[in-house]
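Fold and contact review
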Amino acid sequence: MSTPISSYDFDTVVDRRGTWCVQWDGVADRFGVDGLLPFTISDMDFETAPEVLSALRARLDHGVFGYTTWQQDDFRSAIAHWYATRYGTTIDTDRLVYAPSVLSQLSQLLQMWTLKGDGVVVHTPTYDGFRKAVTGLGRELRGVPVGDAEALERELARADAKVLVLCSPHNPTGRVWTEAELEAMAESARRHGVAVISDEIHADFVHEGYRHVPWTRVGGEGRWAVISSASKSFNFPALTGSYGIVGDPADRAEFLRRMETAEGLASPAVLSLTAHIAAYRDGGPWLDAVRAYVAGNLELVAERLNTAFPELGWQPPQAGYLAWIDLRPLGVDDEALQRVLIEREKVAIMPGAVYGAEGFLRLNVGCPRSKVGAGVEALIRGVGAVR
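Notes on the structure follow.

About the criteria used
- Residues numbered from 1 in each chain as written.
- Predicted model: local features only at pLDDT ≥ 70, side-chain atom pairs only at ≥ 80, totals over all residues.
- Heavy atoms only, no water.
- Buried < 20%, exposed > 50% of the residue type's maximum accessible area, 1.4 Å probe, protein only.
- Helix = DSSP H or I, 4+ residues; strand = E, 2+ residues; numbered from the N terminus.
- Pairing = 2+ DSSP bridges.
- Core = buried A, V, L, I, M, F, W, Y, C linked by side-chain atoms within 4.5 Å.
- Contact = heavy atoms within 4.5 Å.
- Salt bridge = Lys/Arg side-chain N within 4 Å of Asp/Glu carboxyl O.

Concerning the pairing of strand β6 (residues 195–199)
In terms of burial, β6 is largely enclosed, as five of its five residues are buried. Burial along β6 is two-sided: the face carrying Ala-195, Ile-197 and Asp-199 and the face carrying Val-196 and Ser-198 are both buried. Inspection of the sheet shows strand β5 (residues 161–167) paired to β6 by five bridges, in the parallel sense. Note that in β6 the partner of Val-163 across the bridge is Ala-195.

Listed below in structure tokens is the structure:
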């Protein structure tokens, strides 16, 4: 049984200004103006789980922060416990790896499995971190629309297609892939000799009525890796830290060699390990509660948007706290809307163009409901002003 939302306080506003926070203090870097109410980068405005805070305080009280190893049973068994209890999946902990972030893992795996000029397939719209990692390494980014199985098959069949980067669940749309869809992707990737990197950092935020299927269930004998972290679900990305599951033992050994030698990252951040262990062992009730609260935020967005603009018929995503909003039925000019939102409404909302999708917005609702209400009302006013 899930923990009632009332067991936790998600309504109280935590002032993040002046804490070197990208979402609040760094808003001018992307939007050109300070002081905007932000609904941008995908972290939440909530304190992390009390169990995580308690474990961090206890570790701080120890007072010694020397070199640390992640290859110990407390960390590995906590991950295994989470997969078993959340997803009914047994993982082989001998396949685990560790890195500072999922994007650092992505970069390392791309360097292992591709050469410059090789094709890397992604679903569109595309998380901008994927685009930067792929193109920054000199690989060719090849997009296929979410849900277009025929287009995906065509791209994977190209001779120089080497990797499919899968976002599961998908960012920014919130799409949750079915097991049948994942099995079809896995079979196609194996048939064409394409490796799969499955970013599952949003997996814990799948909403009621949907189910996340880890790639470990479908990957089989193909070349694949899962990259993930508790930092998204439990809101501690500033602690750094991620883990991966690499299918092939030789690939895992090569990944670890690169991280420990070429990258010089043999010792992880001890507070990240502490937070992961506490989250995966004891943080489930908090996560259930925050996910339910976010679902309420998404319903608020749907109710207010569809009341103001019935032609949108907007529905909450299947996963996540990012509302992906298609404004194309309203015929709104993207640049004009952004000007109004920034200059008049004083809000920062991510334009769809960041993810390769004109006419969309990505609104972060991982925050107190009062902030969500202010943001969606500002959006409604902004759209009304430019229609």
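What about the nonpolar core?
Ranked by internal contacts, the top residues of the largest apolar core, which has 111 residues, are Trp-215, Phe-234, Tyr-280, Trp-286, Val-301, Leu-305 and Ile-325. It is helix α12 (residues 284–308) that contributes the most residues to this core, 11 residues altogether. Beyond its immediate chain neighbours, meaning those up to four positions away, Tyr-280 contacts Ala-78, Ile-79, His-81, Trp-82, Asp-204, Ser-229, Ala-230, Phe-234 and Tyr-243. In this structure, Leu-36, Ile-342, Met-350 and Phe-360 belong to the second largest nonpolar core, which totals 11 residues.

With respect to the pattern of salt bridges
Scanning the entire structure with this criterion turns up 24 salt bridges. We note a salt bridge from Asp-128 to Arg-30, for which the minimum N-O separation is 3.9 Å. Here Asp-128, found in helix α6 (residues 128–136), pairs with Arg-30, found in helix α2 (residues 27–31); they are 98 residues apart in sequence, far enough to count as distant. A residue is classified by how much of its surface remains accessible, and Arg-30, at 45% relative accessible area, is partly exposed. Residues Asp-45 and Lys-371 are paired through a salt bridge, measuring 2.7 Å at the closest nitrogen-oxygen approach. Remark: Lys-371 occurs in helix α14 (residues 369–386) and Asp-45 occurs in the loop between β1 (37–39) and α3 (50–62); sequence separation between them is 326 residues. Considered together, Asp-45 and Lys-371 belong to a single accessibility category, that of buried residues. Members of the salt-bridge network, linked through shared partners, are Arg-16, Asp-43, Asp-45 and Lys-371.

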